[in-house]
Amino acid sequence: MTKETMTIREMCDAFQVTPRTLRFYEAKELLFPIREGQKRLFTHRDRGRLKLILRGKRFGFSLEEIRQLLDLYNMGDAQLTQLERTYKVAQERLRDMEQQRDELNEAIEELKEQMMWGEKMIVSLKKQEKAAE
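A. Focus on the layout of surface pockets. Counted as a void, the largest pocket has a volume near 270 Å³. Secondary structure elements with two or more residues in the lining of the largest pocket: α3 (44-58), α4 (63-71) and α5 (80-132). Among the elements that take part in the lining of the largest pocket, α5 stands out by supplying 4 residues, more than any other. The calculated volume of the second largest pocket comes to roughly 200 Å³. Of all the elements, α3 adds the most residues to the lining of the second largest pocket, at 5 residues. Classifying every residue of the lining of the second largest pocket gives 3 nonpolar, 4 polar and 2 charged.

B. Representation of α4. For α4, the set of buried residues is L63, I66, L69 and L70. Looking straight down α4, one finds that the buried residues subtend no more than 125 degrees of arc, so they occupy a single side. On its buried face, α4 is in contact with α2 (19-27), α3 and α5.

C. Inspection of the packing of α4 against α5 at higher detail. Orientation of α4 relative to α5, taken along the N-to-C sense of each, is 155 degrees, at an axis distance of 9 Å. Taken together, the axes of α4 and α5 lie roughly antiparallel to each other. Two secondary-structure elements touch here, α4 through E65, L69 and L70 and α5 through Q82, R85, T86 and V89. Partitioned by chemical class, the residues of the contact of α4 with α5 number 3 nonpolar, 2 polar and 2 charged.

D. Here's a closer look at the pattern of salt bridges. Enumeration over the complete set of coordinates arrives at 7 salt bridges. The salt bridge involving R101 is made with D102; its shortest N-O contact spans 3.3 Å. For R101, a relative accessible area of 46% translates into the label partly exposed. Judged by relative accessible area, which is 42%, D102 ranks as partly exposed. Connected through shared salt-bridge partners, E26, R35 and R40 make up one network.

Here is what the cut-offs are and how they apply
Residues numbered from 1 in each chain as written. Predicted model: local features only at pLDDT ≥ 70, side-chain atom pairs only at ≥ 80, totals over all residues. Heavy atoms only, no water. 1 Å grid on protein atoms, 1.4 Å probe; cavity = no way out; pocket = protein on both sides within 12 Å on 5 of 7 lines; lining within 4 Å. Points joined across faces, edges and corners; volume = space filled by probe spheres on them. Helix = DSSP H or I, 4+ residues; strand = E, 2+ residues; numbered from the N terminus. Nonpolar A, V, L, I, M, F, W, Y, C, P; charged D, E, K, R; others polar. Buried < 20%, exposed > 50% of the residue type's maximum accessible area, 1.4 Å probe, protein only. Arc of directions from axis to C-beta. Contact = heavy atoms within 4.5 Å. Axes fitted to C-alpha atoms, helices over the stretch in contact; angles between N-to-C directions. Parallel < 35°, antiparallel > 145°, perpendicular 65-115°, else oblique. Salt bridge = Lys/Arg side-chain N within 4 Å of Asp/Glu carboxyl O.

Structure representation (structure tokens):
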């Protein structure tokens, strides 16, 4: 083990993912570890890619979107194409997330109103029940 490569266990520990996750990302051609028989050795490039994959997943990007963005890295334009495309996709995702947040806030407020109404009804019905005794 050198600083240049990490084993699957070291990657799991460093990024808090499972071996199955790493194998899945490898199968989806998102990571490209060096294979030595059954052993996988992850390079500095793999670590960088995994960091971006996990960040993209956290932000709600699909694996296909992440793969396409990662594939733009080697375009030969100092990553300009990759950065521009990532920025555009991020803008779209941010708009979606803000819309979801607004819809969720609206639903929360509506639920709170319904719960207040329900609470008032419960109190009222309990008062009627006591009065009838």
